[in-house]
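Summary of structural features
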Amino acid sequence: MPDRPKVVITDFITEPLDPERAILDGTADIIALDARSPSDLNGHIDDADALMIYHYLRLDRPHIDRLSHCKIIVRPGVGYDLIDIEAARENKIPVCNVPDYGTEEVADSALAMTLSLARAVHFHNSRLRRATNSADWSPEPAAPIHRLRNRNLGIVGCGRIGTATALRAKAFGCNVTIFDPHIPHGVEKALGVRRVHQLSDLLTQSHILSLHCPLTDETENLIGDTELAALPKGAIIINTARGAVLDTEAVVKHLASGHLAGAGIDVLNEEPPPEDSPTLKAWRDPSHPAHDRLLLNPHAAYYSEEGTHEFRTKAAQEVLRALTNQPLHNQVN
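First things first, this report covers the structure right here in the doc. Nothing here was measured: the structure is a model prediction, and the numbers come from that model.

Counting its secondary structure elements, the protein contains 12 helices and 12 strands. The globule rule puts the C-alpha radius of gyration for 333 residues at 20 Å, and the 22 Å found for the protein is close to it. C-alpha atoms of the protein, sized along the principal axes, occupy 75 × 50 × 30 Å. Taking all 333 residues of the protein together, 50% fall into the buried category. When contacts within the protein are restricted to residue pairs at least 6 apart in sequence, those whose partners lie at least 24 apart make up 61%. Of the side chains in the protein, 33 bear a positive and 45 a negative charge, and the two mean positions are spaced by 7 Å.

What follows is about the side chain of Arg75. Here Arg75 is to be found in strand 4 (residues 72-75). At 6.6 Å, Asp81 is the nearest oppositely charged side chain to Arg75, a buried residue that forms no salt bridge. If we skip the residues at most four places from it in the chain, Arg75 touches Ile53, Tyr54, His55, Tyr80, Ile83, Cys96, Asn97, Val98 and Arg242.

This next bit is on the side chain of Thr219. Structurally, Thr219 can be placed in the loop between strand 9 (208-211) and helix 9 (225-230). Judged by relative accessible area, Thr219 falls into the buried class, the value being 8%.

Among the nonpolar cores identified, the biggest contains 31 residues, and Val156, Leu209, Leu211, Ile223, Leu228, Ile237 and Val251 are the most heavily contacted of them. Those elements giving two or more residues to this core turn out to be helix 8 (199-205), strand 9, strand 10 (235-239), helix 10 (248-257), strand 11 (260-265), helix 11 (278-284) and strand 12 (294-296). The dominant element in this core, judged by the number of residues it contributes, is helix 10, at 4 residues. Residues contacting Val251, with those up to four places away along its chain left out, are Leu228, Ile237, Leu246, Leu260, Ala263 and Ile265. In terms of nonpolar packing, the next biggest core, distinct from the first, is built from 25 residues, Ile30, Met52, Ile72 and Cys96 among them.

Tallying each qualifying case throughout the model produces 7 aromatic pairs. An angle of 45° between the planes, with centres 5.4 Å apart, marks the rings of Phe12 and Tyr54 as tilted. Here Phe12, found in the loop between strand 1 (6-9) and helix 1 (18-24), pairs with Tyr54, found in the loop between strand 3 (50-52) and helix 2 (61-65); they are 42 residues apart in sequence, far enough to count as distant. Ring geometry for Tyr302 and Tyr303: centres 6.2 Å apart, planes at 90°, overall edge-to-face. The exposure class assigned to Tyr303 is partly exposed, which follows from its relative accessible area of 42%. Members of the aromatic cluster, connected to one another through ring pairs, are Phe12, Tyr54, Tyr56, Tyr101, Tyr302, Tyr303 and Phe311.

This paragraph deals with the pattern of salt bridges. It is possible for side chains of opposite charge to pair when their charged atoms get near one another. Scanning the entire structure with this criterion turns up 19 salt bridges. Between Glu275 and Arg284 there is a salt bridge, and its shortest N-O distance comes to 2.7 Å. Relative accessible area serves as the criterion here: at 47%, Arg284 is assigned to the partly exposed category.

This brings us to the sheet that holds strand 5 (residues 95-97). For sheets, the rule is that strands pair by backbone hydrogen bonds, running either parallel or antiparallel. Spatial ordering of the open sheet is given by 2-1-3-4-5, a layout of 5 strands whose pairing is parallel. In this open sheet, the two strands that pair with only one neighbour each are strand 2 (29-32) and strand 5. Direction aside, neighbouring strands of the sheet carry axes that sit 20° apart on average. Across the sheet, helix 12 (residues 305-323) is in contact with strand 1, strand 3, strand 4 and strand 5; its angle to strand 4 comes to roughly 170°.

Bringing the state of the cysteines into the picture now. Tallied over the full model, the rule gives 0 disulfides. The closest cysteine sulfur to the non-disulfide-bonded Cys158 is located on Cys213, 12 Å from its own sulfur. No disulfide involves Cys174; its sulfur sits 14 Å from that of Cys158, the nearest cysteine. You can call Cys174 buried: its relative accessible area is 6%.

Moving on: the packing of helix 4 (residues 103-118) against helix 6 (residues 160-171). Remark: helix 4 packs on helix 6, axes separated minimally by 8 Å, with the N-to-C direction vectors making an angle of 50°. One way to sum up the angle between helix 4 and helix 6 is to call them oblique. Two packed elements cross with a definite hand, and for helix 4 against helix 6 that hand is right-handed. Here Thr103, Glu104, Val106, Ala107, Asp108, Ala110 and Leu111 of helix 4 lie close against helix 6, whose contacting residues are Arg160, Ile161, Ala164, Thr165, Arg168 and Ala169. Classifying every residue of the contact of helix 4 with helix 6 gives 7 nonpolar, 2 polar and 4 charged.

Conventions adopted
Residues numbered from 1 in each chain as written. Predicted model: local features only at pLDDT ≥ 70, side-chain atom pairs only at ≥ 80, totals over all residues. Heavy atoms only, no water. Helix = DSSP H or I, 4+ residues; strand = E, 2+ residues; numbered from the N terminus. Rg over C-alpha atoms; globule rule 2.2 N^0.38 Å. Buried < 20%, exposed > 50% of the residue type's maximum accessible area, 1.4 Å probe, protein only. Contact = heavy atoms within 4.5 Å. Lys, Arg positive; Asp, Glu negative; His and termini not counted. Charge placed at Lys NZ, Arg CZ, Asp CG, Glu CD. Salt bridge = Lys/Arg side-chain N within 4 Å of Asp/Glu carboxyl O. Core = buried A, V, L, I, M, F, W, Y, C linked by side-chain atoms within 4.5 Å. Phe/Tyr/Trp six-rings, centres within 6.5 Å; stacked < 30°, edge-to-face > 60°. Pairing = 2+ DSSP bridges. Axes fitted to C-alpha atoms, helices over the stretch in contact; angles between N-to-C directions. Disulfide = S-S within 2.5 Å. Parallel < 35°, antiparallel > 145°, perpendicular 65-115°, else oblique. Left-handed = near helix turned anticlockwise from the far one by under 90°. Nonpolar A, V, L, I, M, F, W, Y, C, P; charged D, E, K, R; others polar.

Shown next as structure tokens:
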């Protein structure tokens with residue numbers, strides 16, 4: 001009897017593998033490596049029939065070139081920038097993602113950060129930890145605080161998550177404007193929002209700027225010092241997209257100067273950040289002028305129990321389709 005196909009989960013997910021086995025039991029054997037670096041893959045994936053890769057490591061050409069009979073690489077999430085999809089294509093290995101699992105969670109997280117910063121909830125909570133007298137209980141140090149209704153909220157990237165964020169922001173009374181050169185004309189009319197066709201136009205009018213674009217050559221370092229300076233004084237920036245889209249050191253600079261009123265950052269260019277990261281130092285140091293206005297999360301905007309079960313199940317279903325020669329649903333290469 002021939003060996004069953006071997007499916008390797010490279011990182012992040014470990015036993016128990018109940019969602020994956022519920023789909024693949026009887027078809028394939030599943031192994032979770034719990035790898036933390038590309039070197040941890042050596043000798044463990046070359047004979048894999050399918051790979052699922054999360055976000056602790058990159059899957060580069062040297063490893064892909066050694067995949068002798070891999071039928072699919074699945075990213076059980078939205079972004080696939082950690083996979084060399086060109087190398088996979090040259091090796092005739094389809095790469096698929098799960099683009100629809102965390103739409104609600106990320107949009108909810110973006111609005112949660114927005115509300116916490118716009119209403120100074122985080123500022124007051126952070127500052128009061130250091131309170132030493134009754135004067136510290138005044139709301140004045142956070143001023144000015146504006147009501148959310150009629151504030152301009154700009155969205156960069158209006159795909160699934162950007163759309164969900166726009167609808168949530170509208171429910172709070174925000175005036176929503178979108179920038180996305182890759183979506184069809186008329187999407188803005190369907191959503192009941194405004195649209196601009198130049199990023200510069202979005203920046204100058206956004207009291208709140210929320211990033212929801214993928215990481216590509218076009219969007220890497222999209223928002224840096226110059227772009228942040230173009231935002232109105234007292235603006236808030238939210239990033240639940242990809243770390244390399246936003247220059248967080250520039251964010252800290254503009255928070256410290258008072259140009260930005262707040263920043264909510266769920267994703268960083270390096271996760272976890274190095275201990276000497278200026279962003280991390282500012283966030284940890286109560287004496288730093290950016291400290292009380294900076295929210296950091298550990299790339300957690302996507303997470304919920306329901307969402308986790310969904311992306312694990314959908315990734316396993318995509319693997320099953322590849323192993324049983326069925327049409328794939330979300331091929332990106």
